[in-house]
Each structure stands twice: as structure tokens, then as C-alpha cells.
Amino acid sequence: MDLDIPDGKDPIQYAWGEMVPGIGPAASKLSLAVYAHTTLGLREFEAARLRIAQINGCVFCLDWRTERDGMKVEDEFAGAVTEWRTTDRFDDRTRLAAEYAERYALDHHGLDEEFWDRMTAHYTQREIVELSMCIGSWLAFGRLNHVLGLDTMCMLPKPGD
């Protein structure tokens, strides 16, 4: 579905703010908070975020790269996320972040004791909760944007914007 966006309106701001003012701004604050307040490393953060973007098919999310302190993941990173099981580009934490994102989105009932043993060997409980909240946010809002056609209406900011 593509929303009817009035001329001159930013699609995200219109849908998330003006159309549902009691819900959209709060959802937007959660969406922004996972970037502003994360304590996770950039590579594991992006591995989980990109895996959800790949699963959701959100065009905007697939094109986006999180930047921290002037750093972004390398251009080939998204391809490595697709191949998270076999790539030699990931350490254990990054591989687990991609795996967790995929399993969270596609088989959350299948998160067994063996998986949690591996996760807790590399992540603290606090980090697991944080990663879970990030994944939940990306899963929900990436799908929302894709389903409503907002992901193809949004434009990435240009440098200097």
C-alpha cells in the first residue's frame, strides 16, 4: 500500500507524526533511541540491523548505514551479513548478532538453550536486552515502512543536510 502524502510533506514525518499524533511521535522516539543510546559495538549493531532490513525488505533500511564518530561499516558488510553463517569477516559477537536478528524475526520460538549458551558466552544480559529491543524496533518499524510504501518514498539525507 502506498499512502497518499500531500505535496510538499515528508512521507515519514507525515505518516509518523501528523496522521497518528498520539502514537507516531512516541514510536519515533523509540526508533531514534536505539541509535542514540546504544552501547553495542558498531559491527554487531549493524549486523543485526542489516539482517532485519534484509528480512523486512525495507529499501530505506537496506540503504542506510549507521555512522558513529565518523565511522561506518565497510561497503561489503551487507553482503557479509547475508552470508553470516560462513563469512570470515565476522567475529563471534557480530556473527551472533546477525544470527539472533534472523532467529528473532523468523523463529523466535526456536531460540533454544544451546543458542542462549552461545549468546551468554559473548554478551552480557544487559547487552542481550538492549539488542533485543533494537531488533524489535527495527523489525516493527522496518515492516511498517515497507508495508505502507514509505520505504521507497524516503530519501537518505545528503552529506551536509
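Everything discussed here concerns the structure shown above.
Sequence order as written defines the numbering, with residues in each chain counted from 1. Note on the predicted model: pLDDT of at least 70 is required for a residue's local features to be given, and 80 or more for side-chain atom pairs to be given and counted; whole-chain, interface and lining totals, by contrast, use all residues. Each side-chain value is worked out from all heavy atoms of the structure, with water and hydrogens disregarded.

1. Some thoughts on the overall build of the chain
For step 1, the next point in the chain: For the purposes of this entry, the term helix denotes a DSSP run of H or I that reaches at least four residues, the term strand denotes a run of E that reaches at least two, and both are numbered from the N terminus. Across its full length, the chain holds 8 helices and 0 strands.
For step 2, the next point in the chain: The order of helices and strands in the chain, counted from the N terminus, is α-α-α-α-α-α-α-α.
For step 3, the next point in the chain: All radius of gyration figures rest on C-alpha atoms, and the globule criterion is 2.2 Å times the number of residues raised to 0.38. On C-alpha atoms alone, the chain measures out to a radius of gyration of 16 Å, which is about the 15 Å that the 2.2 N^0.38 rule sets for 161 residues.
For step 4, the next point in the chain: Over its C-alpha atoms, taken along the principal directions, the chain stretches across nearly 50 × 35 × 25 Å.
For step 5, the next point in the chain: Only protein chains enter the calculation, and the probe is 1.4 Å; a residue is then buried if its accessible area is under 20% of its type maximum, exposed if over 50%, and partly exposed in between. When each of the 161 residues of the chain is scored for burial, the buried share is 41%.
For step 6, the next point in the chain: Summarising the internal contacts of the chain: among those between residues at least 6 apart in sequence, 65% fall at separations of at least 24. The criterion used for residue contact is that any of the two residues' heavy atoms lie within 4.5 Å.

2. Things to note about the packing of aromatic side chains
To describe a pair of aromatic rings, you give the distance between the ring centres and the angle between the ring planes.
For step 1, the next point in the chain: Only Phe, Tyr and Trp rings are paired, with Trp represented by its six-membered ring, and only when their centres lie within 6.5 Å; those with planes under 30 degrees apart are stacked, over 60 edge-to-face, the remainder tilted. All chains considered together, the criterion is met by 10 aromatic pairs.
For step 2, the next point in the chain: On the basis of an interplanar angle of 25 degrees and a centroid distance of 6.2 Å, the ring pair of Phe-60 and Trp-64 is categorised as stacked.
For step 3, the next point in the chain: Owing to a relative accessible area of 23%, Phe-60 belongs among the partly exposed residues under this scheme.
For step 4, the next point in the chain: The exposure class assigned to Trp-64 is partly exposed, which follows from its relative accessible area of 28%.
For step 5, the next point in the chain: Linked through ring pairs, Tyr-100, Tyr-104, Phe-115 and Trp-116 together constitute an aromatic cluster.
For step 6, the next point in the chain: We call a charge positioned over a ring when the NZ of a Lys or the CZ of an Arg lies within 6 Å of the ring centre and within 35 degrees of the ring normal. The side chain of Arg-68 reaches across the aromatic face of Phe-45, ending 5.0 Å from its centre.
For step 7, the next point in the chain: Across from the ring centre of Tyr-123, 4.1 Å away, lies the NZ or CZ of Arg-93, which sits over that ring.

3. Some points on a nonpolar patch on the surface
For step 1, the next point in the chain: Together, Met-19, Val-20 and Ile-23 give the surface a local cluster of nonpolar side chains, amounting to about 270 Å² of exposed area.
For step 2, the next point in the chain: Topologically, Val-20 is positioned in the loop between helix H1 (11-18) and helix H2 (24-36). Candidate patch residues must exceed 30% relative accessible area and have no salt bridge, after which like charges are joined if within 9 Å and Val, Leu, Ile, Met, Phe, Trp or Tyr side chains if within 5 Å. The method behind every accessible area is Shrake-Rupley, applied with a 1.4 Å probe, and residues are considered shielded solely by the protein chains displayed. We define a salt bridge as a contact between a side-chain nitrogen of Lys or Arg and a carboxyl oxygen of Asp or Glu at a distance within 4 Å.

4. Here we look at helix H3 (residues 42-56)
For step 1, the next point in the chain: How far a helix is expected to stretch is found by multiplying one less than its residue total by 1.5 Å. In this model, H3 (15 residues) spans 21 Å end to end at C-alpha, consistent with the 21 Å of a helix rising 1.5 Å per residue.
For step 2, the next point in the chain: Within H3, 12 of the 15 residues are buried, leaving the element largely enclosed by the surrounding structure.
For step 3, the next point in the chain: Buried within H3 we find Leu-42, Glu-44, Phe-45, Glu-46, Ala-47, Ala-48, Arg-49, Leu-50, Arg-51, Ile-52, Ala-53 and Asn-56.
For step 4, the next point in the chain: Where the residues of H3 are buried, they touch H2, helix H4 (59-63), helix H5 (77-82), helix H6 (92-106) and helix H8 (125-147).
For step 5, the next point in the chain: Looking at the residues trailing H3, positive phi occurs at Gly-57, about 75 degrees.

5. Quick word on the environment of Trp-84
For step 1, the next point in the chain: Along the chain, Trp-84 falls in the loop between H5 and H6.
For step 2, the next point in the chain: Its relative accessible area of 7% is what places Trp-84 among the buried residues.
For step 3, the next point in the chain: In sequence terms Trp-84 and Ala-47 are 37 residues apart; their C-alpha atoms lie 8.5 Å from each other.
For step 4, the next point in the chain: Beyond its immediate chain neighbours, meaning those up to four positions away, Trp-84 contacts Arg-51, Phe-90, Arg-95, Ala-98, Glu-99 and Glu-102.

6. Things to note about the packing of H6 against helix H7 (residues 113-122)
For step 1, the next point in the chain: Axis definition: a line fitted to C-alpha atoms, over the contacting stretch in the case of helices. Angles run 0 to 180 degrees between N-to-C directions. With their axes 10 Å apart at the nearest point, H6 and H7 run at an angle of 140 degrees to one another. Relative to H7, the element H6 lies oblique. In the crossing of H6 with H7, the sense of the turn from one axis to the other is left-handed. Where H6 approaches H7, its residues Asp-92, Arg-93, Leu-96, Glu-99, Tyr-100 and Arg-103 are matched on the opposing element by Phe-115, Trp-116, Arg-118, Met-119 and His-122.
For step 2, the next point in the chain: In this count, Pro and Cys sit with the nonpolar residues alongside Ala, Val, Leu, Ile, Met, Phe, Trp and Tyr, while Asp, Glu, Lys and Arg are called charged and the others, Gly among them, polar. Residues that form the contact of H6 with H7 fall into these classes: 5 nonpolar, 1 polar and 5 charged. An angle counts as roughly parallel when it lies under 35 degrees, as roughly antiparallel when it exceeds 145, as roughly perpendicular when it falls between 65 and 115, and as oblique in every other case. Crossings are classed by handedness, with left-handed meaning an anticlockwise turn of the near helix from the far one by less than a right angle and right-handed meaning a clockwise turn.

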